[in-house]
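Take a look at the letters that make up each chain.
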Amino acid sequence: MKTLILNIERVRRVNETHQHVYLSYDPMLLNLKAGQSLLARVGEVNDPFLREVWHPVQVSKSGAVVERPVTSLYLPSTPVEVIGMIGQPFRYRRTLRAVLLIAYETPPTALLMAIPALLANQVAVTLVLLGSAAAYRTEHLPPEVEVIAGDADFNWSNRVTTVGWADQVFVAVNPADEMTCFRKVWRIFNDIRADIPKAYLFGVFQPIMPCGVGACAACTVKIKGGTALACTQGPAFDLTEMNLS
Amino acid sequence: MTILLTNSAKGALSINTPVMPAAGVFGYGDEYRALIQVEKLGAVVTNPVTYSPWSPTASTRVIPLPAGVLVHTGLPNPGLSKVISAHRNLWSRMPVPVIVHLVVGSPNEAARGAERVDEEDSIAGVEMGIADDIDVKDAADQVRAFVKAGEKPLIVRLPFGATADFAEALIDAGAGAVVLCAPPRGTARDASGRLVSGRLYGGLIKPLVLRLVGQMARRLKAPVIGAGGIMNPQDARDYLEAGAVAVQVDAVTWTNPKMLEVIARDLGGLVVTQPMGALPDEWYPGMGDTERMKRVSDAETPDGERRD
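These figures come from a predicted structure and were not determined experimentally.

Criteria and cut-off values
- Residues numbered from 1 in each chain as written.
- Chains lettered and ligands numbered in written order.
- Predicted model: local features only at pLDDT ≥ 70, side-chain atom pairs only at ≥ 80, totals over all residues.
- Heavy atoms only, no water.
- Contact = heavy atoms within 4.5 Å.
- Buried area = accessible area lost by both parts, 1.4 Å probe.
- Helix = DSSP H or I, 4+ residues; strand = E, 2+ residues; numbered from the N terminus.
- Nonpolar A, V, L, I, M, F, W, Y, C, P; charged D, E, K, R; others polar.
- Pairing = 2+ DSSP bridges.
- Axes fitted to C-alpha atoms, helices over the stretch in contact; angles between N-to-C directions.
- Buried < 20%, exposed > 50% of the residue type's maximum accessible area, 1.4 Å probe, protein only.
- 1 Å grid on protein atoms, 1.4 Å probe; cavity = no way out; pocket = protein on both sides within 12 Å on 5 of 7 lines; lining within 4 Å.
- Points joined across faces, edges and corners; volume = space filled by probe spheres on them.

S.K.: Please give an account of the interface of chain B and chain A that cites residues and values.
M.R.: Facing 33 residues of chain B, the contacting portion of chain A comprises 27 residues. Buried area between chain B and chain A, summed over both chains or domains, comes out near 2300 Å², and the portion from carbon and sulfur atoms is 64%. Its largest share of buried area at the contact with chain A, chain B owes to Leu35(B), Trp254(B) and Thr255(B), together 25% of the area lost on that side. Elements with a minimum of two residues in the side of chain B that touches chain A: β6 (62-65), β7 (68-71), β13 (195-202) and α7 (252-255) of chain B. Counted by class, the side of chain B that touches chain A contains 18 nonpolar, 11 polar and 4 charged residues.

Put into structure tokens, the structure is as follows:
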């Protein structure tokens, strides 16, 4: 965990709803893995009051790229103070051939960082955009990613095939009602599959994080036998290990 | 500089720097170890702990507001005994006193909590969170039960809006100091449109609490600790000027962790004793890693090899 001051190098709008903010290089950024994020504050003013969770979508020796909604204005050369890295990397299986990423009623931003590394390791990636997430335009994503749109009732074409074909599934849902949504995800996957093995279906939590270090307990989630913190132990939790009641 | 934090007859608690984190913002002591030098603080106040385990609230926990934030966690914690077991070793190694923030629901719980805490040498004192809607007699009974059953110095954190009479009753019951005060409660709509109640944090709280501190510090027979809306060293100094013996820093620890340390350095007298040629990041945030890098380069030989 470290505080860094980075510069905004470039801002590029990638679709109607999102922009990519290019941050200057720091060696720490190269350690960022899919699932991890940064807590950022632009400038010296506490507006917004809390730091925002910035999800990187790409990291290289020229810096990190984070995806932000176009409703926020970012100007090149503006300094950004970030605390990172927040959270743990996604836990992949050793033998992985196909991964299903699902965004339900939320933009898929929190999932996108996984794509470059998975493709580089010859893993097939399917991105399913459900409900309002279907409005997210994906032309900027690598062409190898299969993108499927579906409705808010978890219906999409070839649903049974894609779920059966995937070795692992990572689901991001509407942060305003995460537990209700994950209960729904669990129910639907239980309908589709005879059983849900461990390390197969992960819920990716996107809570507002006041501290990001596990101090404030605002991102506590219930797991079987206790609680866990999304900021230090998440954001991805195996839904078989969660207490969804 | 030694500051007497409590006037408890059973055992006074003293600190070296009049700055500590408020309950609920700093975890149990080591969460911020990579970002803050804990030894610069006067004490560490833990997250709220209940005698029995509490679960997190099922509703929205955090609602960002224009000038602050509303937080309602439900105070999730595994219970006093488990918290102590998990952190005993850490607390015994802490360079500053550890004050456990205890939330009790009855005099019986207060007494059992006092007995449990008394067994632990690593705990320097207890801060008891007084519920917002409790009447003065019940609150005094809880304090009395704690003091009767235990030996640790007791600080009480008063609810926002508590009167001087309320505070005096708790001091008469045995409280060694009072924290003014718990963050006020508010209600706001979350992203899905539901109304959520919780505690309010932000700079606007400070003027409200500063007035209370100014009024109560003159009247109360016990030390007053100011807490609420501190965003920078000047805010903290204002509390001391109003009569507080120490301050607790809350949400700025989340938004700018280094500021807690800066306030502690500032009020801990380090700035006035700043030696000639001191590196700036000893005193101010955001100045980079000069000090750390200098230490690293000092430890290196000219050809880049480490001496050890």
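Next, the rest of the story.
S.K.: How would you explain the sheet that holds strand β1 (residues 2-13) of chain A if you had to name every residue and give the values?
M.R.: Sheet strands line up and pair through hydrogen bonds in the backbone, either parallel or antiparallel. The antiparallel closed barrel is built from 6 strands, whose spatial order is β1-β2-β5-β4-β3-β6 (chain A). Geometrically, the sheet is characterised by an average inter-axis angle of 45° between neighbouring strands, direction not taken into account.

S.K.: Account for unusual backbone geometry, naming residues and giving values.
M.R.: Along the chain, Gly84(A) connects to Met85(A) via a cis peptide bond; the corresponding omega equals 0°. Along the chain, Met85(A) falls in strand β6 (residues 79-86). The residue after Leu180(B), namely Cys181(B), is reached through a cis peptide bond having omega -5°. Mapped onto the secondary structure, Cys181(B) falls in the loop between β11 (177-180) and β12 (185-189). Positive phi, close to 75°, is recorded for Ser77(A), a residue that is not glycine. You can see Ser77(A) is positioned in the loop between β5 (63-69) and β6. Taking relative accessible area as the criterion, Ser77(A) reaches 57% and is therefore assigned exposed.

S.K.: Describe in detail empty space enclosed by the protein, supporting the description with residues and values.
M.R.: All names here are of chain B. Across all of its chains, the model carries 3 cavities of 30 Å³ or more by this definition. Considered as a void within the structure, the largest cavity measures approximately 90 Å³ in volume. Taken together, 17 residues make up the lining of the largest cavity; nearest its centre are Cys 181, Ala 182, Pro 183, Gly 228 and Asp 250. Ranked by the residues each element gives to the lining of the largest cavity, the list is headed by β13, at 3 residues.

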